[in-house]
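Letter by letter, the chains look like this.
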Amino acid sequence: SKQSYAVYRFSILVNPSDIIELDAELGNHILHQPLKAAQVFQSVCFIAVKTLSLIEQLQTEAQINILLKLTHLPPLPSYSLDLCEFPLDYTSQRFYMMQGIVIAMTTVTKYTQGARFLCSDEACPLSKDKQIVEIITTKALRAFQGYSNNQPFRFQSLTVFLRDELVNEMNIGNEYKIIGIPTCVKTSQTALCIEANSITFFNPKGISDNFSSYWKFTAILANIFASQIVPPGTYNLLKLCLLMSLVQTSDRNKELEDCLDLLIITSDILLVDRNKYGTGAVSIQGGSALLAKGGICFIGDLASHKKDKLEQLQSAVESRSITVYISGKKFGDDMDQQMTFPVQCSFWSFVDMDSSSRRNVQKTNTLIGQMDCSLIPANLIEAFGLLINCNESSPCHPLLPTVQHTLKKAIDPEGLLYVASKQFTTEDFEKLLAFAKNLNVEFSLEAERMIHGYYLASRRIRTDSICGSKLSASALKYLVSLSEAHARLNLRNKVLKEDVLIAALLFETSLTLKYGAAVLCVAPNAVFPFELYNEEYLEQRDIYLTQCQQQLQQFIATYGPGTAIFASDE
């Protein structure tokens, strides 16, 4: 106004249940006529402040700005906004609750001239207090899980306006519960929007002790995992690594480097574009890597992507973040900006080395145990935690059971072909993984010494005067992550030397595929030397792994720290 009166903002936390018990009429206003309810609170606050002489500068009721923040809404269908159901109600001007995943967000922008704002002083945090995010229902994302296509696509989304202290409270890929008032905004295209009133981060929330061995439980899990897709007992090494990657992947913000990547790429990166929200509002679209937060980003054959995409992937895997540079000149702003987003997923991918286009270009002068990976940049391979050779025609993966499985599934796609599928369902695996990935694990002293001993010894034998060490700086991190994953999969809070053994065998197998066999000669099937038919085969595997552990300890004693072969500078 001409008098430049100050506006006093009252943010009032309201529990609808408490209000309804005290005054049903007022509670009804808050739930179904929130604008009218805000006027009641405005009048009461004005009278109270004037009567108690709390603010001398308060002259008119219009100086009182009321923000009612609801703690929750009644858990009834009529208060829920389901993006999968139409038509959507945007005329009642009342509160709804919706739940969804953030797929895009704008930079924080100032209100345009003539729009409502709280403060014109640019030094005040609330002078620049608008951000727009796009939300999709969780059902939509689940429908596209596992969908592999090099062509980028967009989800139909709901626009959410964040103001004041809610700005920058959301992250791409996170799931939130939002309470707000839906409205229809007329722009170049009609969009259903919701003014966010409050947002809540949504995080849905002893078996192995029965085994005398530290290795049997995870072996059984790997043996029966994905029995709807492949027969039990096939691809056990691959399935164990997949399970370990799953339990090592979560949305824990503290340790982004804990993720265990299995050579994976994403085809769609962050896209920057001008959008319908006005000049200066740059929308950042989340790609697969961000939308897979707390889970797995899978895209398919690594060799089908161009060099620039592989370089972007390598950067994202190494730094566990994606940075977008925004040109101020291009998007109508005075200054250039950049936004950095944490990558909190694990990557999975594969390379089809037997395809006709690659069969003729493979090298023939590889070392014993080495696999020709010349089609993929060496630095990108190093960025991933594990390189796994999965050859279905090898002795470890007989073809006949897989062929029989495929034929039976063609006849009865929904049928459960194995007893294991009935005894331990997909839902059981989901519950077990959800529990295991949230376990806080710590290393025992014995395990810590073994993992450092193996790392230093392995680094020592794979170092030469010309090329230096073949072990990357991240090797120790991968070993720690593998050991933690095996402990979690065993539902234990402590990492033992038995977990380190599995980590060392997997890691040494990966090193052999990259560089060939070394002093610690590990068989390709060392983790699963026998087919697991019954308890007797589990016992034989335990004996074999115990021998491997003795071999690993001898290797550390010979080439590890404190030995004659170890130079002082090393």
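Keep in mind the model is a prediction, meaning the values are calculated, not measured. (Residues numbered from 1 in each chain as written. Predicted model: local features only at pLDDT ≥ 70, side-chain atom pairs only at ≥ 80, totals over all residues. Heavy atoms only, no water.)

Enquirer: For the overall build of the protein, give the residues involved together with the corresponding values.
Expert: The secondary structure content of the protein amounts to 17 helices and 17 strands. Every one of the 570 residues in the protein was classed for burial, and the buried ones make up 48%. With an accessible surface of roughly 29,500 Å², the protein has 54% of that area assigned to carbon and sulfur atoms. (Helix = DSSP H or I, 4+ residues; strand = E, 2+ residues; numbered from the N terminus. Buried < 20%, exposed > 50% of the residue type's maximum accessible area, 1.4 Å probe, protein only. Areas by Shrake-Rupley, 256 points an atom, 1.4 Å probe, with all protein chains shown as cover.)

Enquirer: Help me get a handle on helix α16 (residues 497-515), residues and values and all.
Expert: Across its 19 residues, α16 extends 26 Å between first and last C-alpha, which sits within 8% of the 27 Å expected from 1.5 Å per residue. Within α16, 19 of the 19 residues are buried, which leaves it mostly tucked inside the rest of the structure. (Expected span 1.5 Å × (residues − 1).)

Enquirer: Explain the packing of helix α14 (residues 445-461) against α16 to me, using residue names and the numbers behind them.
Expert: Orientation of α14 relative to α16, taken along the N-to-C sense of each, is 20°, at an axis distance of 9 Å. By the angle class used here, α14 and α16 are roughly parallel. In this structure, α14 crosses over α16, and the sense of that crossing is right-handed. Of the residues in α16, those touching α14 at E446, A447, M450, I451, Y454 and S458 are K497, V500, A504, F507, E508 and L511. Its residues placed into classes, the contact of α14 with α16 shows 8 nonpolar, 1 polar and 3 charged. (Axes fitted to C-alpha atoms, helices over the stretch in contact; angles between N-to-C directions. Parallel < 35°, antiparallel > 145°, perpendicular 65-115°, else oblique. Left-handed = near helix turned anticlockwise from the far one by under 90°. Contact = heavy atoms within 4.5 Å. Nonpolar A, V, L, I, M, F, W, Y, C, P; charged D, E, K, R; others polar.)

Enquirer: Tell me about α14, and please be specific about residues and values.
Expert: Relative to the 24 Å expected for 17 residues at 1.5 Å per residue, α14 spans 25 Å between its end C-alpha atoms, a close match to the ideal helical length. Among all positions in α14, only A447, M450, I451, G453, Y454, Y455, A457 and S458 are buried. Tucked inside the fold, the buried residues of α14 contact β14 (442-443), α15 (475-489), β17 (494-495), α16 and α17 (535-559).

Enquirer: Before we move on, could you go through the packing of α15 against α16 and cite the residues and values that matter?
Expert: As a packed pair, α15 and α16 sit with axes 8 Å apart at the nearest point and diverge in direction by 130°. Considering the angle they form, α15 stands oblique to α16. The chirality of how α15 crosses α16 is right-handed. Two secondary-structure elements touch here, α15 through A475, Y478, L479, L482, S483, H486 and A487 and α16 through D499, V500, I502, A503, A504, L506 and F507. Of the residues assigned to the contact of α15 with α16, the class counts are 11 nonpolar, 2 polar and 1 charged.

Enquirer: Quick one: what's the story with the environment of P77, residue by residue and with numbers?
Expert: Here P77 is to be found in the loop between β2 (64-70) and β3 (96-106). Taking C-alpha positions, P77 is 9.8 Å from M97, a pair spaced 20 residues apart along the chain.

Enquirer: Account for the environment of I502, naming residues and giving values.
Expert: For I502, the location among the structural elements is in helix α16. For I502, a relative accessible area of 0% corresponds to the buried category. Remark: the alpha-carbon pair of I502 and Q549, spanning 47 residues in sequence, is separated by 9.2 Å. Residue contacts for I502: discarding those within four places in its chain leaves W215, L240, H486, V527, R541 and L545.

Enquirer: Talk me through the pattern of salt bridges; I want residue IDs and the actual numbers.
Expert: Applying the stated criterion across every chain, the model contains 9 salt bridges. Across the pair K431 and E427 runs a salt bridge, and its minimum N-O distance is 3.6 Å. Taken together, the positions of K431 and E427, both in helix α13 (residues 426-437) and 4 residues apart, correspond to about one turn of that helix. For E427, a relative accessible area of 48% puts it in the partly exposed group. (Salt bridge = Lys/Arg side-chain N within 4 Å of Asp/Glu carboxyl O.)

Enquirer: Explain the packing of aromatic side chains to me, and be specific about the residues and the numbers.
Expert: Considering all chains together, one arrives at 4 aromatic pairs under this definition. Here F424 and F429 contribute two aromatic rings whose centre-to-centre distance is 4.7 Å and whose plane-to-plane angle is 85°, an arrangement assigned as edge-to-face. By relative accessible area, which is 22% here, F424 ends up partly exposed. On the accessibility criterion, F429 (6% relative accessible area) is buried. By way of ring pairs, the aromatic residues F225, F424 and F429 are connected into one cluster. Its end group placed over the ring of F528, R541 keeps NZ or CZ at 4.6 Å from the ring centre. (Phe/Tyr/Trp six-rings, centres within 6.5 Å; stacked < 30°, edge-to-face > 60°. Lys NZ or Arg CZ within 6 Å of the ring centre and 35° of its normal.)

Enquirer: Give me the side chain of Q42: which residues, what numbers.
Expert: Along the chain, Q42 falls in helix α3 (residues 34-52). Since its relative accessible area comes to 18%, Q42 is described here as buried. Those residues in contact with Q42 that lie beyond four places of it in its chain are E61, A62, I64 and I66.

Enquirer: I'd like to hear about the nonpolar core, residue by residue, with values.
Expert: Residues Y454, L489, L506, F507 and L552 are the most contacted members of the largest nonpolar core, which totals 64 residues. Sorting the residues of this core by element identifies α5 (216-224), α6 (236-247), α13, α14, α15, α16 and α17 as the ones contributing at least two each. Per-element accounting of this core gives the leading share, 10 residues, to α16. Once residues lying within four places of it in the same chain are set aside, the contact partners of L552 are M450, Y454, L501, A504 and L520. (Core = buried A, V, L, I, M, F, W, Y, C linked by side-chain atoms within 4.5 Å.)

Enquirer: Go over the environment of R320 with me, naming the residues and quoting the values.
Expert: One can find R320 in the loop between α8 (307-319) and β11 (321-326). Sequence separation of R320 and S346 is 26 residues, and the distance between their C-alpha atoms is 9.8 Å. A distance of 3.3 Å separates a polar side-chain atom of R320 from the backbone oxygen of V317. (Polar contact = N/O pair within 3.5 Å; in protein donor to acceptor, adjacent residues only side chain to side chain.)

Enquirer: Could you give me a rundown of the confidence of the model for the protein, with the residues and numbers involved?
Expert: In this model, the protein carries a mean pLDDT of 77, and residues with pLDDT of at least 70 account for 74%. Within the model, pLDDT remains below 50 along residues 564-570, and this stretch shows 10 contacts once partners closer than five positions in the same chain are excluded. (pLDDT = per-residue confidence, 0-100.)

Enquirer: An account of unusual backbone geometry is requested, with residue identities and associated values reported.
Expert: Even without glycine at this site, S53 takes up a positive phi of about 55°. Within the element layout of this structure, S53 appears in the loop between α3 and β2.

Enquirer: Just give me the short version of the pairing of strand β4 (residues 130-136), but keep the residues and values in it.
Expert: For β4, the tally of buried residues reaches 7 of 7 residues, placing the bulk of the element in the interior. Across the two faces of β4 the burial is the same, with K130, I132, E134 and I136 and Q131, V133 and I135 all buried. Examined bridge by bridge, β4 and strand β5 (residues 158-163) share 6 bridges and lie antiparallel to one another. The residue bridging I132 from the neighbouring strand is F161, located in β5. (Pairing = 2+ DSSP bridges.)

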